[in-house]
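In case you want the letters, here they are:
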Amino acid sequence: MEMEEDLDNENFQDFQDSREDLWDLSSILQITCPHSLGYLALDAFGKYLSDLMVQLVTFPQHHEIEDFKNKYILHTTMRLAEMIQMTIPHSLSNEVTKKLLKSIDTTYEDMIPSVYEAWLDKIVPRIVDAVLHPSVTRIEYYQDQLHQSKSDCYNYRICRIIIQCCQKLLNLKVLRLQKKIFDIPYSFGASFQISDTLEEFSSDSCTDALLKSLSTNCKRLKVLNVQDSDVTDAGVEHIIQFKYLESVNIENTRITETGLSVILEKLWKIEITADNEISVSSHKLAITCFGCSCMESFHINLILNNCTNISSLTIAPLYEIDLSPLKNLKELTKLMVRYTRFDYVRELLEATGGQLEFLGLDHVDVDLDCIAQCCSSLTCLHLELEHYDPEYPKDLQLPEFPSVQCLSIQTCPDETEHLIFQFPNLTHLYVMNGRNSLFQKLIERDKLKKLEYIFWNIHFSEAVEVNLTEELAIITKVNHSSGKNSMYCVHI
């Protein structure tokens, strides 16, 4: 086995072949894990749904009477809905629904394209509608960009169908949908309406028209994330209508610096009442998390004047600007900075680093000594260092980060290995690019004795998730496209 090669699909197979103590968990994990009977029951239910889909899709091919086909399908899906509502407790509806939708989606993918595609598009919405338990409060198919897991690796082909059906859910509080890495398209449509119970909305397919609908119907919204969407300045007038927002993310949208100014001025506005008393808008007190692009110096002044209670800030400056004035944000504990030079971040870290719990630097040249010295309370560090070129010789000791328990790192493989072992108390590690040899060292916990979890991106379509106990490493290999898992176990 080539120890210096990157860990890719072929080398992961080499890793499997090289370990005599590696055994397949696919069939026995359900028996050895807690709640195994529940998992077995869900697996059986998922298989039943898959078989039912195949039966309903192929059934019309053998019957010519259109009315009979439609009545049979309608009757069957109505019985399915009744069975689900009578069987699944309300407290488990979110978890069970998500697993059943995945079973439907996997079958849907296997059957497209096929001669049954036309009927498939008629039948799947009815099955999805039946599976959506009325008590569901959360629909989440959205990738955590900083801390991924195997559940984030799955690309739902039926997002557009879920959107159609979720409009009936009267208790829905969280809706998070994303196109994911394969850009599987979906849209909400002009007539989309959701329950007024909604408190969190995240989507990279949001539009100005959808924001208008949300601002009218979902007045209790607390979290709005339209990152990577096509929302424009025209949508800003709808964003500022929400009265209870606590978190807003408009990164990488088509909102310009002008629209950003309006948001910073209006979301944290101070009003004069009829009695000439100063009334602080609920936004002034509520919004603590904010993310944006296109930031200029005058936007920093607006933040300092209007948004002093911010505890989490994500920014991507439009130009290289001095960020040091942000040191006046006394509540700031989480900071993500993208696409600038470290010189513009240094003074800010020197002043506020001691209060930061999370720091993210994305395409920012770094000074590790400065971070280590200034950020003594840091528990989570995210480094995406595409052009990182440390000034230190490889044999020179780098600073240690004893407080950091969670590290996400993306850089070239050599630099990944050079940096990782400077975090002796890591419990969670996310690696986007690394060597096969490093993977084996981490599995064996040669140096990082406290490591409990590893997420290792092999390439754009596959990843490996590792859960570590005192004696075992449970390894799950995930295919991003199909979501199919292979599970193995290694004695440490």
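Residues numbered from 1 in each chain as written. Predicted model: local features only at pLDDT ≥ 70, side-chain atom pairs only at ≥ 80, totals over all residues. Heavy atoms only, no water.

A few points about the pattern of salt bridges
Two side chains of opposite charge can pair, provided their charged atoms sit close to one another. Note the threshold: Here, a salt bridge means any side-chain nitrogen of Lys or Arg that lies within 4 Å of a carboxyl oxygen of Asp or Glu. A helix here means a DSSP run of H or I that spans at least four residues, while a strand means a run of E at least two residues long, and both kinds are numbered starting from the N terminus.
The final tally for this structure, using the stated rule, is 16 salt bridges. We note a salt bridge from Arg338 to Asp362, for which the minimum N-O separation is 2.7 Å. Here Arg338 is found in strand β11 (residues 334-340), whereas its partner Asp362 is found in strand β12 (residues 358-364), with 24 residues between them in sequence. Three or more residues are tied together by salt bridges with common partners; here these are Glu320, Arg341, Asp343, Arg346 and Asp367.

A short note on the state of the cysteines
A covalent bond bridging the sulfur atoms of two cysteines is what the word disulfide describes. As a reminder of what qualifies: Criterion for a disulfide: a pair of cysteine sulfur atoms within 2.5 Å.
Tallied over the full model, the rule gives zero disulfides. Cys292 carries a free sulfur, and the closest cysteine sulfur to it, the one in Cys294, is 8.1 Å from it.

Let's talk about the nonpolar core
Most often, soluble globular proteins keep nonpolar side chains buried together rather than apart. Cut-off, in case you're wondering: Each nonpolar core is a collection of buried residues, namely Ala, Val, Leu, Ile, Met, Phe, Trp, Tyr and Cys, held together in the definition by side-chain atoms within 4.5 Å. Throughout, exposure labels follow a simple rule: accessible area from a 1.4 Å probe, protein chains only, divided by the maximum for the residue type, with under 20% read as buried, over 50% as exposed, and the rest as partly exposed.
By size, the foremost hydrophobic cluster in this structure holds 133 residues, and its most contacted members are Ile139 and Phe290. In terms of nonpolar packing, the next biggest core, distinct from the first, is built from nine residues, Cys380, Cys406, Tyr430 and Phe455 among them.

Observations concerning the packing of helix α10 (residues 257-266) against helix α12 (residues 297-306)
Stated formally: To define axes, lines are fitted to C-alpha atoms, for helices over the stretch in contact only, and angles between the resulting N-to-C directions are given on a 0 to 180 degree scale. Each angle gets one of four labels, with under 35 degrees taken as roughly parallel, over 145 as roughly antiparallel, 65 to 115 as roughly perpendicular, and the rest as oblique. What makes two residues a contact is simply this: any of their non-hydrogen atoms within 4.5 Å. Residues are sorted three ways: Asp, Glu, Lys and Arg are charged, Ala, Val, Leu, Ile, Met, Phe, Trp, Tyr, Cys and Pro are nonpolar, and all the rest, Gly among them, are polar.
Two elements in contact, α10 and α12, have axes separated by 9 Å at closest approach and are oriented at 10°. The orientation of α10 with respect to α12, classified from their angle, is roughly parallel. Packed against α10, whose contacting residues are Glu257, Leu260, Ser261, Leu264 and Glu265, the element α12 presents Phe298, His299, Leu302, Ile303 and Asn306 at the interface. Taken together, the residues that form the contact of α10 with α12 break down as five nonpolar, three polar and two charged.

Considering the packing of helix α15 (residues 413-420) against helix α16 (residues 436-443)
Short version of the rule: What makes a crossing left-handed is the near helix being turned counterclockwise from the far one by less than a right angle; a clockwise turn instead makes it right-handed.
Interaxial distance between α15 and α16 falls to 10 Å at its minimum, and their mutual angle equals 25°. Classified by the interaxial angle, the pair formed by α15 and α16 is roughly parallel. By crossing handedness, the relation of α15 to α16 is classed as left-handed. Of the residues in α16, those in contact with Thr416, Glu417 and Ile420 of α15 are Ser437, Leu438, Lys441 and Leu442.

A few points about empty space enclosed by the protein
Threshold: Here a cavity denotes a set of grid points, spaced 1 Å apart and computed over the protein atoms alone, in which a 1.4 Å probe fits but from which it cannot get out, and a pocket denotes an open set meeting protein on both sides within 12 Å along at least five of seven lines; residues with an atom within 4 Å of a point are reported as lining. Grid points are joined across faces, edges and corners, and a volume is the space filled by probe spheres set on the points.
A complete count under the given rule lists one cavity of 30 Å³ or more for this structure. Taken as a whole, the largest cavity spans an internal volume of roughly 50 Å³. Contributing to the lining of the largest cavity are Ile250, Thr253, Ile255, Thr256, Leu260, Cys292, Ser293 and Cys294. It is strand β9 (residues 289-295) that contributes the most residues to the lining of the largest cavity, three residues altogether. Split by residue class, the lining of the largest cavity holds five nonpolar, three polar and no charged.

Regarding unusual backbone geometry
Of note in the backbone geometry, Asp228 takes a positive phi value of approximately 70° without being a glycine. Considering the arrangement of structural elements, one finds Asp228 in the loop between β5 (223-225) and α9 (236-239). The phi dihedral of His363 falls on the positive side, at around 55°, and the residue is not glycine. On the secondary structure map, His363 appears in strand β12.

Focus: the confidence of the model for the protein
Applied cut-off: Note on scores: pLDDT gives the predictor's confidence for each residue, bounded by 0 and 100.
Predicted confidence across the protein gives a mean pLDDT of 83, with 79% of residues reaching 70 or more. Counting contacts from residues 280-284, a segment whose pLDDT is below 50, to residues more than four positions away or on other chains yields 17 contacts.

With respect to the pairing of strand β17 (residues 462-468)
Where we set the bar: Paired strands are those between which DSSP finds at least two bridges.
Where burial is concerned, most of β17 is hidden: six out of the seven residues are buried. Two elements, β17 and strand β18 (residues 472-479), share seven bridges in a ladder whose sense is antiparallel. Bridge pairing in β18 links Ala463 to Val478. Connecting the antiparallel pair β17 and β18 is a turn made up of three residues.

Concerning α10
Within α10 the residues assigned to the buried category are Gly259, Leu260, Ser261, Ile263 and Leu264. If you follow the buried residues of α10, they end up packed against α9, β9 and α12.

Some details on the side chain of Ser312
The topology assignment puts Ser312 in strand β10 (residues 312-317). Ser312 has contacts with Thr288, Cys289, Phe290, Leu332 and Lys334, leaving out every residue within four places of it along the chain.

Considering the packing of aromatic side chains
Keep this limit in mind: A pair of aromatic rings is counted whenever rings of Phe, Tyr or Trp (Trp by its six-membered ring) have centres within 6.5 Å, and the orientation is called stacked for planes under 30 degrees apart, edge-to-face for over 60 and tilted otherwise. Note on geometry: a ring has a charge over it if NZ (lysine) or CZ (arginine) is within 6 Å of the ring centre and within 35 degrees of the ring normal.
Applying the stated criterion across every chain yields a total of six aromatic pairs. Measuring from ring centre to ring centre gives 5.7 Å for Phe188 and Phe201, while their planes differ by 55°; the resulting arrangement is tilted. With a gap of 13 residues between them, Phe188 in the loop between β3 (174-177) and β4 (200-203) and Phe201 in strand β4 connect regions that are remote in the sequence. Neither residue differs from the other here; Phe188 and Phe201 are each classed as buried. Relative to Phe423, the ring of Phe401 has its centre 4.7 Å away and its plane inclined at 10°; by these criteria the two rings are stacked. Taken as a pair, Phe401 in the loop between β13 (380-384) and β14 (406-410) and Phe423 in the loop between α15 and β15 (428-431) lie far apart in primary sequence, 22 residues in all. On the basis of relative accessible area, Phe423 is assigned to the buried category, the value being 2%. Taken together, the ring pairs in this structure connect Phe188, Phe192 and Phe201 into an aromatic cluster. Taking the ring centre of Phe421 as reference, the NZ or CZ of Lys447 above it sits at 4.9 Å.

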